[in-house]
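Fold and geometry: a report
Residues per chain are reported as follows:
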Amino acid sequence: MSAAKNRHNTEDYLQMYRQMVRIRAFEDSANQLYLSARMPGLTHMYSGQEAVAVGICEALTDEDRITSTHRGHGHCVAKGADFKAMFCELLGKAEGYCRGKGGSMHIADQSHGNLGANAIVGGSMGIATGAALSAKRLGREFVTVCFFGDGATAQGLWYEVMNMAALWQLPVIYACENNGYSEYTRTEEIAAGSLIARAQAFGIEAFQVDGQDVLAVNELTQQLVGRCRTGEGPFFIELDTYRYHGHHVGDINRDYYRSRDEEAEWKKVRDPITNFGKWLIDQKIMSADELVAIDEEITSDAQAAVQYALDAPYPDGNEVDMHVFSGVDHALEYPGGAHR
Amino acid sequence: MTREITLSKAVNEAIAEEMRRDASVILLGEDVAEAGTPFKVLSGLVEEFGTDRIIDTPISEPGFMGIAVGAAMTGLRPVVDLMFGDFLYLVMDQLCNQAAKTHYMSGGKLTAPLVLRTNMGATRRSAAQHSQSLQALVAHIPGLKVAMPSSAYEAKGLLKTAIRDDNPVVIFEDKLMYQDKAPVPEEEYLIPFGKAHIKREGRDVTLVATSSMVQVAEEAAEALAGDGISAEVIDPRTIVPLDEQTILNSVRKTSRAIVIDEGHQSYGVTAEIAARIGEKAFYHLDAPVIRMGAMDVPVPFSPALEDLTVPNAAGVAENARRICRGELIHAA
Ligand SMILES: Cc1ncc(C[n+]2csc(CCOP(=O)(O)OP(=O)(O)O)c2C)c(N)n1
Ligand SMILES: [Mg+2]
């Protein structure tokens, strides 16, 4: 990492550090909930990729939109979401962001511009591009960032929407988090040629950045967001990163597709939080003790939010047919529309 | 000799046997080779058949579905593994506009002998995009056969028949049943399409149930027996073709019917079967035919809501008791 350019940015640096630690703490708690059989279903951990979500989202405002993925907790936290409402959603409770209807793979946080996680790989590529079309047509300044994984680049949809985004100069940034794997398969086995060349083929300016370096990610995103606002979009960024856990929380025995040495190496040498913490100390922005205090405070916040969510009520059964249609309170009462 | 094996093992055996028998059978899908799919259904196949025949694809469902159609038209017999039934929406054009219509549009000159293996079933807390039961969607399309195994025994026998069929066949496995065991013969067997299985004989009410709902119907029948109501349980095994005769014979005997399927109720499989009973056995009926499908809402994540959306044994038994008492369940 380069030297701190501007001491006035201390607040920004701290915010980035805190947000990365918040994501890690959220995921550690979610994993515990799964391991102790207190979470319904499965979930995909974002740990290891924190610098991507935080570096990008810290370059955005609440007006700016993101679309997220099945591995979406990190994007959601980074965009400003609250722990309690997130844990409530993971546990299917009424106070969750989606009133328990969505769960881990569908968390959306309208108040901070998160249009939602998505359980269909690549499923949000159209949505992000459509949001960018809205911004342009409505003359609004917001930029949309479309997060997706390396595996999602195999979806044909991406090529269709990139073509249109380029033709229509839409303010959208396609952010591919290349964590080296899609499920149990290495990226080299599913991607021919180069990813950035694919975007470039549409005349889209494309960048590769170290996804473990929060400052590098943030700096690049700030530039691209600024250029999107003046009509220079779309852009593509490929971020080199790594997921620490299995594909999902239940993917414990991973030896057949990736080595423990490889996992240990990333954690030891390229951990985005450790490295940024060291940099903050080197630059004399923070002391080691101050960082530990932040970590502890956030861990206890997460624990309190988990407890809150465990104690929170489930939605009432009569919510089951609410929100099927906008403008219809209960779908089962809609004429001829549904049945019980 | 019969032993008990899981549904997952039954599927694995069916594919292995057919691949040994016929070199033109190949299998394609995501994480099917070394990983053996996320449900571990295909574990071990790549060791025997190699990566030339057990082919890992990128996450490109329309692409590999289309490749399967073309390969099927030119000499191979592809088995496509679609990880979740919910991803059917991604492959609909290749399946319904291409595979389903090839034979007809070519005046019988081309065929597309392929199998699309996928799954269905809610209550796994997987939310709205990983829990759907979309059999009605494909059963609606002329040219596609649709099989719905209700146990390991059916899963193996129907899949082997599907692989030998010269038409595109979609087979839905209940993802909650992969670890359920059932007696399966060691010897080779096939289950013909279009022949329903009478799982339990009865006099008072016919329960026609598919896949995951067969167990539900059997449980309901058991409860009803305690109340002196004798329920007949029929598993159609394939919904295209549909063994109408067995269903109608049963209803003519019992004069009451409840049709149960895990797809959404409206415009669904239950609606189709109920309509046929209404059309063809009307004068034998003592009560309106009752449909029981999944509630017409996207599948909610919260356990508190999700369990309300699928038919259960208590609900089936209650409806059966009421129609046997002569009550109207859906009063106008
Ligand atoms: C259309 C579709 N196909 C397959 C899946 C199953 N699936 C879920 S995540 C995943 C891998 C995605 O890999 P990548 O895009 O690299 O994201 P990562 O999991 O690495 O974050 C797959 C195949 C899905 N959810 N949607
Ligand atoms: Mg990946």
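Please read all numbers here as calculations on a predicted model, not as lab measurements. (Residues numbered from 1 in each chain as written. Chains lettered and ligands numbered in written order. Predicted model: local features only at pLDDT ≥ 70, side-chain atom pairs only at ≥ 80, totals over all residues. Heavy atoms only, no water.)

This next bit is on the overall build of chain B. Helix and strand counts for chain B come out as eleven helices and 14 strands. If you line up chain B on its principal axes, its C-alpha atoms span 60 × 40 × 40 Å. Taken over 332 residues, chain B has a buried fraction of 62%. When the accessible surface of chain B is summed, it comes to about 12,400 Å², and 53% of that surface belongs to carbon and sulfur atoms. (Helix = DSSP H or I, 4+ residues; strand = E, 2+ residues; numbered from the N terminus. Buried < 20%, exposed > 50% of the residue type's maximum accessible area, 1.4 Å probe, protein only. Areas by Shrake-Rupley, 256 points an atom, 1.4 Å probe, with all protein chains shown as cover.)

Before going further, it helps to spend a moment on the site of ligand 1. Taken together, 22 residues are adjacent to ligand 1, and H70, R71, A119 and G151 of chain A together with E61 of chain B come closest. Flanking ligand 1 are residues from chains A and B. R71 of chain A places a side-chain nitrogen or oxygen 2.7 Å from an oxygen atom of ligand 1. With respect to ligand 1, the side chain of D150 of chain A contributes an N or O atom lying 3.0 Å from an oxygen atom. Calculation on ligand 1 without its partners gives an accessible area of 580 Å², and the protein chains cover 96% of this total. (Near = heavy atom within 4 Å. Polar contact = N/O pair within 3.5 Å; in protein donor to acceptor, adjacent residues only side chain to side chain.)

Take the coordination of the magnesium ion (ligand 2) next. All names here are of chain A. Only D150 (OD), N179 (OD1) and Y181 (O) from the protein reach the magnesium ion (ligand 2) as donors, at distances of 2.1 to 2.2 Å. Mapped onto the polypeptide sequence, the residues donating to the magnesium ion (ligand 2) form the spacing pattern D-x28-N-x1-Y. Of this pair, D150 sits in the loop between β2 (144–149) and α6 (156–167) while Y181 sits in strand β4 (residues 181–182), and the two are 31 residues apart along the sequence. For the pair D150 and Y181, a shared accessibility class is recorded, and that class is buried. (Donors = N, O, S within 2.8 Å, 3.2 Å for Na, K, Ca; no water.)

Time to look at the packing of aromatic side chains. Residues and elements named next belong to chain A. In this structure the tally under the stated criterion is 23 aromatic pairs over all chains. A ring pair is formed by F26 and F87, whose centres lie 4.1 Å apart and whose planes are at 20°; its orientation type is stacked. Of this pair, F26 sits in helix α1 (residues 10–35) while F87 is found in helix α4 (residues 83–90), placing the two residues 61 residues apart along the sequence. We note that F26, like F87, is buried. Clustering of aromatic rings is evident, with ring pairs tying together Y181, Y184, Y242, Y256, Y257 and W266. The side chain of K93 reaches across the aromatic face of Y314, ending 4.9 Å from its centre. (Phe/Tyr/Trp six-rings, centres within 6.5 Å; stacked < 30°, edge-to-face > 60°. Lys NZ or Arg CZ within 6 Å of the ring centre and 35° of its normal.)

On to the pairing of strand β6 (residues 205–210) of chain A. All names here are of chain A. Examined bridge by bridge, β6 and strand β7 (residues 235–240) share six bridges and lie parallel to one another. In the strand pairing of β7, Q208 is matched with E238. At this point the chain moves from β6, through helix α9 (residues 214–229), to the parallel β7, and the crossover so formed is right-handed. (Pairing = 2+ DSSP bridges. Right-handed = clockwise from strand over helix to strand, strands pointing away.)

What follows is about the pattern of salt bridges. All names here are of chain B. Enumeration over the complete set of coordinates arrives at 44 salt bridges over all chains. Of the charged contacts in the structure, one is a salt bridge between E48 and R20, with a shortest N-O distance of 2.7 Å. Within this pair, whereas E48 is found in helix α2 (residues 45–49), its partner R20 is found in helix α1 (residues 7–21), the two being separated by 28 residues in sequence. R20 gets classed as exposed once you look at its relative accessible area, which sits at 52%. With a closest N to O distance of 2.8 Å, R125 and E306 form a salt bridge. Of the two residues, R125 sits in the loop between β5 (115–120) and α5 (135–139) while E306 sits in helix α10 (residues 303–306), which places them 181 residues apart along the sequence. We note that R125, like E306, is buried. Residues joined by salt bridges that share partners form a network here, namely R3, K9, E13, E17, E18, R21, K156, K160, R164 and E188. (Salt bridge = Lys/Arg side-chain N within 4 Å of Asp/Glu carboxyl O.)

Residue and element names in this part refer to chain B. As summarised here, the arrangement of the five strands in space is β9-β11-β10-β13-β14, forming an open sheet in which the pairing is mixed. The two strands at the open ends of the sheet, each matched to only one other strand, are β9 (197–200) and β14 (290–294). Taking the axes of each pair of neighbouring strands and ignoring which way they run, one obtains an average angle of 25° across the sheet. (Axes fitted to C-alpha atoms, helices over the stretch in contact; angles between N-to-C directions.)

Here we come to the domain arrangement of chain B. Residues and elements named next belong to chain B. Domain boundaries assigned for chain B yield domain 1 (2–185) and domain 2 (197–324). A C-alpha centroid distance of 26 Å is found between domain 1 and domain 2. Tallying the contact residues gives 26 residues for domain 1 and 25 residues for domain 2. Ranking the residues of domain 1 by area buried against domain 2 places R125, M148 and S150 at the top, with a combined share of 27%. Applying the counting criterion to the domain 1 and domain 2 interface returns three salt bridges. In this structure, the salt-bridge partner of D307 is R125, at a minimum N-O distance of 2.9 Å. (Domains from an automatic or database assignment. Contact = heavy atoms within 4.5 Å. Buried area = accessible area lost by both parts, 1.4 Å probe.)

Residue and element names in this part refer to chain A. Pairing in this open sheet of five strands is parallel, and the strands run β1-β2-β3-β7-β6 from one edge to the other. Each having just a single partner strand, β1 (65–67) and β6 make up the two edges of the open sheet. Taking the axes of each pair of neighbouring strands and ignoring which way they run, one obtains an average angle of 20° across the sheet. Bridge count for β1 against β2 is three bridges, and the pairing is parallel. Paired with R65 across the strands is T144, a residue of β2. Set on the sheet, helix α2 (residues 50–57) makes contact with β1, β2, β3 (172–178) and β7; between it and β2 the angle comes to about 170°.

Here we take up the interface of chain B and chain A. Chain B puts 37 residues into the contact, and the matching count from chain A is 39 residues. For the pair chain B and chain A, the summed buried surface comes to about 2,800 Å²; carbon and sulfur atoms form 64% of the total. Between chain B and chain A we count zero salt bridges in total. If you look at where chain B meets chain A, you find eleven residue pairs in polar contact (both at pLDDT 80 or more). Contributing elements (two or more residues each) for the side of chain B that touches chain A: α3 (61–73), β14 and α10 of chain B. For the side of chain B that touches chain A, the element with the highest residue contribution is α10 of chain B, accounting for three residues. Of the residues belonging to the side of chain B that touches chain A, the class tally is 20 nonpolar, ten polar and seven charged. (Nonpolar A, V, L, I, M, F, W, Y, C, P; charged D, E, K, R; others polar.)

Among the residues of helix α7 (residues 212–226) of chain B, S212, M213, V214, V216, A217, A220, A221 and L224 of chain B are the ones counted as buried. One or two residues past the end of α7 of chain B sits G228 of chain B, with phi positive at roughly 80°.

A few words now on the side chain of N118 of chain A. Here N118 of chain A is to be found in the loop between α4 and α5 (125–137). On the accessibility criterion, N118 of chain A (10% relative accessible area) is buried. Beyond its immediate stretch of four places on either side in the chain, N118 of chain A contacts S68, T69, H70, M105, G123, S124 and I127 of chain A together with Q129 of chain B.

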